[in-house]
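# Tertiary structure, described
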Amino acid sequence: EEVPDNQEIRYDLAMSQSNFGRMLAANGRTEESLVNVRQAAQIMEELAVSKPNDLLIKQSLALSYERIAEILTTVTNNHLEARSLFLKSQEITLK
């Protein structure tokens, strides 16, 4: 799928995908959930590169990492990757 160029639309898309991913996880659709939250994080990473001083994007990127980590921890027991993502989130938050 092609992601729009407009940064506001891309931000909204990432937030929607992240929320949808959490809903899928809550309904036991783990693989689909992880696809959506990972895509959301990828979009947020791209936005953070293009707007490195945007606090909202930084906070949203940190939240994206936390959401992936939560799913990995609670649903798949992939604690190693989850820990790595929690640390990435913390690093962003502390900057």
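Shown above is the structure to which this text applies.
So, here is what we can say about the structure in this document.

So, how was this worked out
Residues numbered from 1 in each chain as written. Predicted model: local features only at pLDDT ≥ 70, side-chain atom pairs only at ≥ 80, totals over all residues. Heavy atoms only, no water. Helix = DSSP H or I, 4+ residues; strand = E, 2+ residues; numbered from the N terminus. Rg over C-alpha atoms; globule rule 2.2 N^0.38 Å. Buried < 20%, exposed > 50% of the residue type's maximum accessible area, 1.4 Å probe, protein only. Contact = heavy atoms within 4.5 Å. Areas by Shrake-Rupley, 256 points an atom, 1.4 Å probe, with all protein chains shown as cover. Lys, Arg positive; Asp, Glu negative; His and termini not counted. Charge placed at Lys NZ, Arg CZ, Asp CG, Glu CD. Expected span 1.5 Å × (residues − 1). Arc of directions from axis to C-beta. Axes fitted to C-alpha atoms, helices over the stretch in contact; angles between N-to-C directions. Parallel < 35°, antiparallel > 145°, perpendicular 65-115°, else oblique. Left-handed = near helix turned anticlockwise from the far one by under 90°. Nonpolar A, V, L, I, M, F, W, Y, C, P; charged D, E, K, R; others polar.

### Some words on the overall build of the protein
Looking only at helices and strands, one finds four helices and zero strands in the protein. Put simply, the protein runs from its N terminus to its C terminus through helices and strands in the order α-α-α-α. Taking 2.2 N^0.38 as the reference for a compact globule, 95 residues should give roughly 12 Å; the C-alpha atoms of the protein span a radius of gyration of 13 Å, in line with that estimate. Overall size of the protein, expressed as C-alpha extent along the three principal axes, is 35 × 30 × 15 Å. Out of the 95 residues in the protein, the part that is buried amounts to 36%. Long-range pairs, those at least 24 residues apart, make up 50% of the contacts in the protein between residues at least 6 apart in sequence. Carbon and sulfur atoms make up 52% of the accessible area of the protein, which amounts to about 6,000 Å² in all. Averaged over its 10 positive side-chain charges, the protein has a centre that lies 6 Å from the centre of its 14 negative ones.

### A few points about the environment of leucine 24
Mapped onto the fold, leucine 24 is located in helix α1 (residues 7-26). Note: C-alpha distance between leucine 24 and threonine 73 (49 residues apart in sequence) is 15 Å.

### Some thoughts on helix α4 (residues 79-94)
With 16 residues, α4 extends 22 Å from end C-alpha to end C-alpha; this agrees with the ideal 22 Å at 1.5 Å per step. Those residues of α4 lying buried are Ala82, Leu85, Ser89 and Ile92. The buried residues of α4 all sit within an arc of 85° when viewed along its axis, so they share a single face. Looking at α4, the residues exposed on the side facing more than 90 degrees away from the buried face are Leu80, Arg83 and Leu94.

### Observations regarding the packing of helix α2 (residues 30-50) against helix α3 (residues 55-76)
Where α2 meets α3, the axes come as close as 9 Å, and the angle between the chain directions of the two elements is 160°. Judged by the angle between their axes, α2 and α3 are roughly antiparallel. Both α2 and α3 take part in a crossing whose hand is left-handed. Judged by residue contacts, Thr30, Ser33, Leu34, Val37, Arg38, Ala40, Ala41, Met44, Glu45, Leu47 and Ala48 of α2 engage Ile57, Ser60, Leu61, Ser64, Tyr65, Ile68, Ile71, Leu72, Val75 and Thr76 from α3. The class makeup of the residues in the contact of α2 with α3 is 14 nonpolar, five polar and two charged.

### Considerations on the packing of α3 against α4
At a minimum axis separation of 8 Å, α3 and α4 run at an interaxial angle of 160°. In terms of their interaxial angle, α3 and α4 are classed as roughly antiparallel. Here the hand of the crossing between α3 and α4 comes out left-handed. Residue-level inspection shows Lys58, Leu61, Ala62, Tyr65, Glu66, Ile68, Ala69, Glu70, Leu72 and Thr73 of α3 in contact with α4, the latter providing His79, Glu81, Ala82, Leu85, Phe86, Lys88, Ser89, Ile92 and Thr93. Partitioned by chemical class, the residues of the contact of α3 with α4 number 10 nonpolar, four polar and five charged.

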